[in-house]
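# Observations on the model geometry
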Amino acid sequence: QVQLVESGGGLVQPGGSLRLSCAASGSIFSINAMGWFRQAPGKEREFLAAITWSGTSTYSDSVKGRFTISRDNAKNTVSLQMNSLKPEDTAVYYCAAAMGLMTHVENEYNYWGQGTQVTVSS
């Protein structure tokens with residue numbers, strides 16, 4: 001089993017920045033890739049970015065250039081730096097872990113965090 005705990009969400013003004021973190025514990029050796037998703041009210045969960053423990057990353061077009069995913073192997077954490085935030089970025093943000101290949105497909109992730117709320121509003 002793998003446990004994931006997100007932190008760093010909150011209220012930010014448009015144009016501002018936030019940094020989300022995800023701490024992984026448990027059977028870390030079984031994980032190949034970590035990803036970030038978000039779900040806005042009334043919408044489906046959306047893939048944002050993913051990274052392998054070796055550092056290979058991928059992004060959705062909707063956040064490429066604004067969001068940056070990174071990992072700290074020593075601390076078993078993955079972070080999502082979010083810049084130039086917009087009101088439409090308001091959502092619950094989820095960290096996920098995959099035992100298989102790095103992917104943007106939600107149901108290929110095996111473990112999920114509880115989510116952290118990000119609200120972008122003036």
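Up top is the structure.
Here we summarise the structure given alongside this text. Quick caveat: nothing in here was measured; it's all calculated off a predicted structure.

So, about the nonpolar core. Counting 30 residues, the largest nonpolar core has L4, M34, W36, F67, L80, M82 and Y93 as the members making the most contacts within it. Of all the secondary structure elements, the ones that give two or more residues to this core are β1 (2-7), β3 (18-26), β4 (33-39), β5 (46-52), β7 (67-72), β8 (77-82), β9 (91-98) and β11 (116-120). The contact partners of M82, leaving out residues within four places of it in the chain, are G16, S17, L18, L20, R66, F67, Y93 and V118.

Scanning all chains against the criterion turns up five salt bridges. With a shortest N-O distance of 3.5 Å, D61 and K64 are connected by a salt bridge. Residues joined by salt bridges that share partners form a network here, namely R38, E46, R66 and D89.

Another aspect to go through is the sheet that holds β3. Across the sheet, which stays open at both edges, the four strands sit in the order β1-β3-β8-β7 with antiparallel pairing between neighbours. A single partner strand is all that each edge strand has here, and the edge strands are β1 and β7. Pairwise comparison of adjacent strand axes, ignoring direction, gives a mean angle of 15° for this sheet. In this structure, β7 lies alongside β8, joined through six bridges in antiparallel fashion. In the strand pairing of β8, T68 is matched with Q81.

Turning next to the environment of G100. Residue position: G100 is located in the loop between β9 and β10 (111-112). Ignoring any residue separated from it by four or fewer positions in sequence, one finds G100 in contact with N32, A33 and N110.

With respect to the helices and strands, Q13 occurs in the loop between β2 (10-12) and β3. On the basis of relative accessibility, which here comes to 54%, the residue Q13 falls in the exposed class. With residues near it in sequence (within four places) discarded, Q13 still touches V120 and S121.

Rules used throughout
Residues numbered from 1 in each chain as written. Predicted model: local features only at pLDDT ≥ 70, side-chain atom pairs only at ≥ 80, totals over all residues. Heavy atoms only, no water. Core = buried A, V, L, I, M, F, W, Y, C linked by side-chain atoms within 4.5 Å. Buried < 20%, exposed > 50% of the residue type's maximum accessible area, 1.4 Å probe, protein only. Helix = DSSP H or I, 4+ residues; strand = E, 2+ residues; numbered from the N terminus. Contact = heavy atoms within 4.5 Å. Salt bridge = Lys/Arg side-chain N within 4 Å of Asp/Glu carboxyl O. Pairing = 2+ DSSP bridges. Axes fitted to C-alpha atoms, helices over the stretch in contact; angles between N-to-C directions.

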